[in-house]
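# Structural characterization, general
The primary structure of each chain is shown beneath.
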Amino acid sequence: MTTSRTSSRRPGGRSARVQAAVYAAVGELVSEGFRDTMTVPQVAERAGVNPTSVYRRWGAVSSLLEEVAVAALTGDEPMPDTGSIRGDLETWSGIIVADITRPERIVYLRAMVGAREGTPGQCPCWEIRDEQAAAMIARAAARGEAVPTVAQVLNHVVAPLYHHVVFGLPADEGYAHSMVADVLAMVPSRVFAD
């Protein structure tokens, strides 16, 4: 089944060129300090596309900022397969923290948070992390490992990483691995019958 997220992230032909130009324009404008004052006509002019194309596809700057940030923050990261849930979660959390602590990613992440008005719904970024965690956990459970729940991984590994970056707190691979150790300590050991 094709979701709107999937189709918006993987267009082809002219649509892909427009998306790439618009994403690049947003990135440039955000990095130049226009995050809070950016307009659709400004993005369209920078991207070299008609403003109508931007309005039709994204509607508002807040939607555009969110999509660009999600694409930037959940790019084509490799899904680790180390042979253990600990190894997978440590590798995965290390990839995430290395990416979201890059200066341009911090700008995108803060822009995405700032663009969400009122009481926003769940961020598409979270959905992607949910899917990734679920895949690693299912694979580990199939190997017979004791595993945390997806909610535990999201709430005790992923959320703290994003929180630390948004609020300017220290976040690095050591911190990410300590979050993994904490969540694995929550998992009761399995006792297997012979």
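Residues numbered from 1 in each chain as written. Predicted model: local features only at pLDDT ≥ 70, side-chain atom pairs only at ≥ 80, totals over all residues. Heavy atoms only, no water.

## Regarding the packing of helix α6 (residues 85-100) against helix α9 (residues 150-166)
In plain terms, the rule: The axes are straight lines fitted to the C-alpha atoms, using for helices just the contacting stretch, and the angles between their N-to-C directions are given from 0 to 180°. Only DSSP runs of H or I reaching four residues or more are called helices, and only runs of E reaching two or more are called strands; each is numbered from the N terminus. Oblique is the label for any angle not covered by the other classes, which are roughly parallel (under 35 degrees), roughly antiparallel (over 145) and roughly perpendicular (65 to 115). Put simply, a crossing is left-handed when the front helix is turned counterclockwise from the back one by less than a right angle, and right-handed when it is turned clockwise. Between two residues, a contact is recorded if the distance between any of their heavy atoms is within 4.5 Å. Here the term charged refers only to Asp, Glu, Lys and Arg, the term nonpolar to Ala, Val, Leu, Ile, Met, Phe, Trp, Tyr, Cys and Pro, and the term polar to all other amino acids, Gly among them.
Running from N to C, α6 and α9 cross one another at 20 degrees; their axes reach a closest spacing of 10 Å. The angle between α6 and α9 places the two elements in the roughly parallel class. Crossing geometry of α6 relative to α9 is assigned as right-handed. Two secondary-structure elements touch here, α6 through Leu89, Trp92, Ser93, Ile96, Val97 and Ile100 and α9 through Val153, Val157, Val158, Leu161, Tyr162 and Val165. Of the residues in the contact of α6 with α9, the class split is 11 nonpolar, one polar and no charged.

## Quick look at the side chain of Asp88
The following threshold applies: For the exposure calls, accessible area comes from a 1.4 Å probe over protein chains only, and a residue counts as buried if that area is under 20% of its type's maximum, exposed if over 50%, partly exposed in between. Any pair of nitrogen or oxygen atoms within 3.5 Å is treated as a polar contact; in protein, a donor-acceptor pairing is required on top of that, and neighbouring residues in sequence qualify only through side-chain atoms on both sides.
Note on placement: Asp88 falls in helix α6. Asp88 gets classed as buried once you look at its relative accessible area, which sits at 0%. Within the structure, the side chain of Asp88 is placed 2.9 Å from the side chain of Arg139, a separation counted as a polar contact. For Asp88, the contacting residues outside a window of four places in its chain are Pro80, Asp81, Thr82, Gly83, Met136, Arg139 and Arg143.

## A look at the pattern of salt bridges
Threshold: The term salt bridge refers to a pairing of a side-chain nitrogen on Lys or Arg with a carboxyl oxygen on Asp or Glu at a separation within 4 Å.
Following the criterion strictly, the structure yields seven salt bridges and no others. Arg139 is paired through a salt bridge with Asp81; the nearest N and O atoms lie 3.4 Å apart. Within this pair, whereas Arg139 is found in helix α8 (residues 124-142), its partner Asp81 is found in the loop between α5 (61-73) and α6, the two being separated by 58 residues in sequence. For Arg139, a relative accessible area of 25% corresponds to the partly exposed category. Accessibility expressed as a relative area gives 53% for Asp81, which makes it exposed. Between Glu145 and Arg143 there is a salt bridge, with the nearest N and O atoms lying 2.7 Å from each other. The exposure class of Arg143 is partly exposed, given its relative accessible area of 36%. Shared partners join several salt bridges into a network, and the residues in it are Asp81, Asp88, Arg139, Arg143 and Glu145.

## Re the environment of Ala135
In this structure, Ala135 sits in helix α8. In this structure the C-alpha to C-alpha distance between Ala135 and Met79, which are 56 residues apart in sequence, comes to 9.0 Å.

## Structural notes on helix α10 (residues 173-185)
Definition in use: Multiplying 1.5 Å by the helix residue count minus one yields the expected span of that helix.
Its 13 residues place the ends of α10 18 Å apart at the C-alpha level, agreeing with the 18 Å of an ideal helix rising 1.5 Å per residue. Turning to α10, its buried residues number three or more, namely Tyr175, Ala176, Met179, Val180, Val183 and Leu184. Buried residues along α10 sit in contact with α6 and α9. Capping of α10 at its N-terminal end is provided by Asp172; its side-chain oxygen lies 3.2 Å from the backbone amide nitrogen of Gly174.

## Topic: the confidence of the model for the chain
This is how it is decided: Per-residue confidence from the predictor is reported as pLDDT, a score between 0 and 100.
Mean pLDDT over the chain: 82, with 81% of residues reaching 70 or higher. Within the model, the stretch residues 1-11 combines pLDDT values under 50 with 17 contacts to residues more than four positions away or in other chains.

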